[in-house]
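The primary structure of each chain is shown beneath.
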Amino acid sequence: MNPFELKAGRPGSAFQNWASLYPKAYCKDETDAYTKVRIILMGGAEYEAVWFSHQFHRHCNNNDIRRQLAVSRRVEQQQQHQLACLKPTNETQLETTITYEQLAVDLTAILAQREPDPYVVKALNFALLEDFDHLYRYADLLEMEQGVRAEQLVGCYTEIMPGRPTIAHHRHPMDSVRRPCNFKQADLLTMLDTCTITAAEQQTMNYYMNLCGFYHNDLGRQLYQEIGMVEEDHVSQYGALLDPNCTWLENLLLHEYNECYLYWSCYETETDPMVKKVWEQNFEAEVSHLHQAANLLKEHENKEWQQVLPQGEFPELLRFAPQKEYLRKVLQSTVDLTADGEDYSPVDDLAQDALFFTYQDAVNGEDVCQVPSHRIINEYQKQNGEDYRFQEGEHPVPALADRKKDNACLGRVPGASKEGQG
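Rules of the game
- Residues numbered from 1 in each chain as written.
- Predicted model: local features only at pLDDT ≥ 70, side-chain atom pairs only at ≥ 80, totals over all residues.
- Heavy atoms only, no water.
- Helix = DSSP H or I, 4+ residues; strand = E, 2+ residues; numbered from the N terminus.
- Expected span 1.5 Å × (residues − 1).
- Buried < 20%, exposed > 50% of the residue type's maximum accessible area, 1.4 Å probe, protein only.
- Phe/Tyr/Trp six-rings, centres within 6.5 Å; stacked < 30°, edge-to-face > 60°.
- Axes fitted to C-alpha atoms, helices over the stretch in contact; angles between N-to-C directions.
- Parallel < 35°, antiparallel > 145°, perpendicular 65-115°, else oblique.
- Left-handed = near helix turned anticlockwise from the far one by under 90°.
- Contact = heavy atoms within 4.5 Å.
- Disulfide = S-S within 2.5 Å.

J.: Please explain helix α4 (residues 93-114) as it appears in this structure.
T.: Helical periodicity: at 3.6 residues per turn, an α-helix aligns residues three or four positions apart in one direction. Its 22 residues give α4 an end-to-end C-alpha distance of 32 Å, which sits within 8% of 32 Å, the value for a rise of 1.5 Å per residue. Judged by how many residues are buried, α4 sits mostly within the fold: 21 of 22 residues are covered.

J.: How should the packing of aromatic side chains be read in this particular structure?
T.: What characterises a pair of aromatic rings is the spacing of the ring centres plus the angle enclosed by the ring planes. Here the structure, examined in full by the defined rule, presents 21 aromatic pairs. For the pair Y208 and Y224, a centre-to-centre distance of 5.5 Å together with 75 degrees between the ring planes defines the contact as edge-to-face. Note that Y208 is positioned in helix α7 (residues 188-211) and Y224 in helix α8 (residues 218-241), a separation of 16 residues in sequence. Just as Y208 is buried, Y224 falls in that class too.

J.: What is the right way to look at the packing of α4 against α7 in this model?
T.: Each pair of packed helices can be summarised by the angle the axes make with each other and by the distance between the axes. Closest axis-to-axis distance for the α4/α7 pair is 11 Å, and the angle between their directions is 160 degrees. One element, α4, and the other, α7, form an angle in the roughly antiparallel class. Note on packing geometry: the crossing formed by α4 with α7 is left-handed. Judged by residue contacts, Q93, T96, T97, Y100, E101, A104, L107, T108, L111 and R114 of α4 engage L189, D193, T196, I197, A200, E201, Q203, T204, Y207, Y208 and L211 from α7.

J.: Would you explain the state of the cysteines in this entry?
T.: Here the structure, examined in full by the defined rule, presents zero disulfides. With no disulfide of its own, C85 lies closest to C27 among cysteine sulfurs, the gap being 17 Å. Free of any disulfide, C181 has its nearest neighbouring cysteine sulfur in C195, separated by 9.6 Å.

In structure tokens form, the structure reads like this:
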């Protein structure tokens, strides 16, 4: 599939009426988990498109370009609202959160295994173990407060057990900066992967930061606050991988191409007929936006789209499937890593005056029992004797195997990777 070879309609022809903007919601108890994952993914892609367009609009002094951006941005905003309303009213904030984390886990694992750039793979694997732990923390809160077992929500596609403990995710912001990719030399998959994961993590950060204050009790509010700050770290990391040398119009073309690619991937893999029609409708709208972006690039920078993208044909499509074996492998080999400047190092290898330890002392202090992500597991264990997990075998990391004690040292305290220390 090459979207540049398709006939494109006018961007304004995709405006939707109120009936289309408020579709029939999915059934939370019957809809496949990966359908819900795709809906959140594309909501994130649309938010990124709208936000990027606003920033472009504010940094552009050509009103002809700004008017065209305004038209396509309105369509993108309508698509974002449409996708948000596919969520049913009886799905709780915490249930939706489980799907957000399942998306983060399985999407990151899929991208890491296909990504050709080794440095990007390291970044993906690093954040993967942290989102995996977030899923576990939220799942315990969900079962403790609502009696809902998260394995039902994830369709048993994704295991739920500790990853790198969330308490170890709190790092100095200077350690969030990565080396940017050079898109002029990069594989198309690298361009798409970095754009996709940035949009997805940004959507998660926004969800947690905006809804933090609306949770019904203090412990839940504090957990959203804590993990929301980690998601900001992830957005900084992934955003740093994007090529800062691309022009606004080159970036616009890449955004629209990535949306076309993602919508086509969703359309080709969707199992829900109603949602499949949404993917088809939005794909057609994005093709028109892509052609518009190519025309603007040609008119204002005298560049063909081929000078920005290495090919027009879509690479392998994004297909959601269980990633359990890969996750276990990454857990076993990298759970004790932390960010160290622009790279990653085992906590044992950090200097005593490393920024990581300085920030840990400032944020977590000496009384780690007050850290929300740790308190939630402790409280669950106190009430039930052991934590809630959904795992299909022994935990691959011995230090995380004890279901009666939450490990608050692994990835944070030198020497804690040894079995039995927690």
